[in-house]
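# Structure at a glance
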Amino acid sequence: MNTFILSILYVIYFSVLITLGYISYKMPKIKVSKADDDTEETQEIKKTSQNYIYTGILLAIVGILVNTYFLVEGTPLESHMMEWLNIVIRLMHITFGIAWIGASFYFVFLENALNRTEEVRDELAGNLWAVHGGGFYYLEKYKIAPKTIPKRLHWFKYEAYFTWLSGFCLLFVVYYFNASAFLIDKNVFDITVTQAILTGVGSFVVAWLIYDQMCKSALIRNQVAFALVGFALLVGFAWFYCHVFSARAAYIHFGAMIGSLMVANVFFVIIPAQKAMVAAGKLGQPLDPTLGKKALARSLHNNYFTLPVLFVMVSNHFPSTFGYEYPWLMLAIISLGAAGVKHYLNLKEKKQLNVWILPVSVVILLSACFISAPSTNPNACKEEVTITQVQEIIQKRCTQCHSSSPTDDTYKVAPNGVMYDTPEDIVKKKDLIMQRVVITKTMPQNNKTNMTDEERNLIRCWIEQGASLK
């Protein structure tokens, strides 16, 4: 893009950013009207205005980042910028995710642990005494709502929204901006970049439409049947992703799909139900108790989704999972086992202990480890393999990325600082090479350099023979 145009856009974006920042700073002192400025209506106007201002600030920052990307595109700074974007957005995603999942765990715990029988007033569903951080807390849950809606209510929604937004941005930074390298594996399915991105994003919408209709159907009244159909739906999406994208991208899309269901539950069901209940309470109108029940059901679904999503978030660091011959099966097994563990914890909080749920869930999780274990009797090593042979393979297939001066079209700096410039470098990373190159075959990335099985077997023999430098 023309440098002059970029300069003009920079001026516009920074002007907007400074102006909105100043307005945001002055907002608490601005008078909405000559009347009392502390009324509920004026406070609501200010709150809404502040939200629009924050949105404008966020968009201005995004504009500056996009501008900067076009400025450094094609230069050595491009990969440096993308790496820092990855770091910053990933940190935001983790932070917001901890807040959201923590809130989910806490409120489901409250629901399960409420005292519902002893000295509970008629309008209450239950209460709970708690101690934390050197203080005592007393919490009450109303069956529907208090007679008078308090002026100050804390809404648990932004944790969900920002977790999803930061995750969606991360999906673009890591996978969609480098689709040919990370999203698409032509050995799995030959697809264009545009088709792959539209397929990924579109699948989230399709998953929500199916799941939402399930929740609105008679199936929701039968918890066991709903869980079985829901699990089959998740397995179907896992299979689909693993037959369209690279294995790593398939796992991330599976997690992003579940995360999208969770945030859609908050945006389309839970928060609207809460707003309707609050509005009815303020107007003195009768409250619809089904709204709260439907919101609670979706909140409970989100609670069961959390552990499978957490697994997906860390799975990219463990190639034994996505590198297995049937990666969708690993997703299915671990999702089922993780949901089982969460079910056990939920029952425990209700003091409804079940002897079998936890052991069965642990066995299911352990089965993933045994199923994905490498063969203990691979092809026999008939001849001694030297470091010279191994180095030739590494230089031919790996040093395009993993060297002090990468020549790859995506990586301008060695990923994770792993370099194979010398035989000593190769020996130091022999365990990593064994795991990624030989056992899981997840390196080279999507087998971009076409490493053969014979070459992988030579590397395996060299490592099993002691990884000598001779």
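Numbering of residues begins from 1 in every chain and follows the order in which that chain's sequence is written. This being a predicted model, a pLDDT of at least 70 is required before a residue's local features are given, and a value of 80 or more before pairs of side-chain atoms are given or counted; all residues contribute to the totals for chains, interfaces and linings. Hydrogens and water are ignored here; the side-chain numbers use all heavy atoms of the structure.

### Looking at the UniProt feature "domain: Urate oxidase N-terminal" (unreviewed entry) in the protein chain
Per the UniProt record, "domain: Urate oxidase N-terminal" (unreviewed entry) is annotated on residues 80-371. In DSSP terms, a helix is any run of H or I states spanning at least four residues, a strand is any run of E spanning at least two, and both are numbered starting from the N terminus. For the annotated span residues 80-371, helix accounts for 71% and strand for 6% of the residues, and the straight-line distance between the end C-alpha atoms is 39 Å. UniProt positions are given in the numbering used here, feature names are shortened, and annotations may be inferred rather than shown by experiment.

### Re the state of the cysteines
Cysteine sulfur pairs qualify as disulfides if the two atoms are within 2.5 Å. Across all of its chains, the model carries one disulfide by this definition. Shown here is the disulfide that connects Cys381 with Cys461, its sulfur atoms set 2.2 Å apart. In this structure the cystine formed by Cys381 and Cys461 twists about its S-S bond by roughly -90 degrees; its chirality is therefore left-handed. Here Cys381 is found in the loop between helix 12 (357-371) and helix 13 (387-397), whereas its partner Cys461 is found in helix 16 (residues 453-464), with 80 residues between them in sequence. Remark: exposure states derive from per-residue accessible area (1.4 Å probe, protein chains only) relative to the maximum for the residue type, with buried under 20%, exposed over 50%, and partly exposed in between. Residue classification places Cys381 among the partly exposed residues on the basis of a relative accessible area of 29%. Unpaired in this structure, Cys398 has its nearest cysteine sulfur neighbour in Cys401, at a distance of 8.8 Å. What makes Cys398 buried here is its relative accessible area of 9%. For Cys401, a relative accessible area of 17% puts it in the buried group.

### Some points on helix 16
Here the expected length of a helix is defined as 1.5 Å per residue gap, with one fewer gap than residues. Across its twelve residues, helix 16 extends 16 Å between first and last C-alpha, which sits within 8% of the 16 Å expected from 1.5 Å per residue. Listing the buried residues of helix 16 in full gives Glu455, Arg456, Ile459, Arg460, Cys461, Trp462 and Ile463. Looking at the buried residues of helix 16, the elements they touch are helix 13, helix 14 (423-428) and helix 15 (430-439). Following helix 16 by one or two positions, Gly466 has its phi on the positive side, about 115 degrees. Whether two residues are in contact is decided by their heavy atoms, any of which lying within 4.5 Å being enough.

### Some points on the pairing of strand 2 (residues 135-142)
Where strand 1 (residues 124-132) lies against strand 2, eight bridges are found, and the strand directions are antiparallel. Bridging across to strand 2, Val131 finds its partner in Phe136. A pair of strands is treated as paired once DSSP finds two or more bridges between them.

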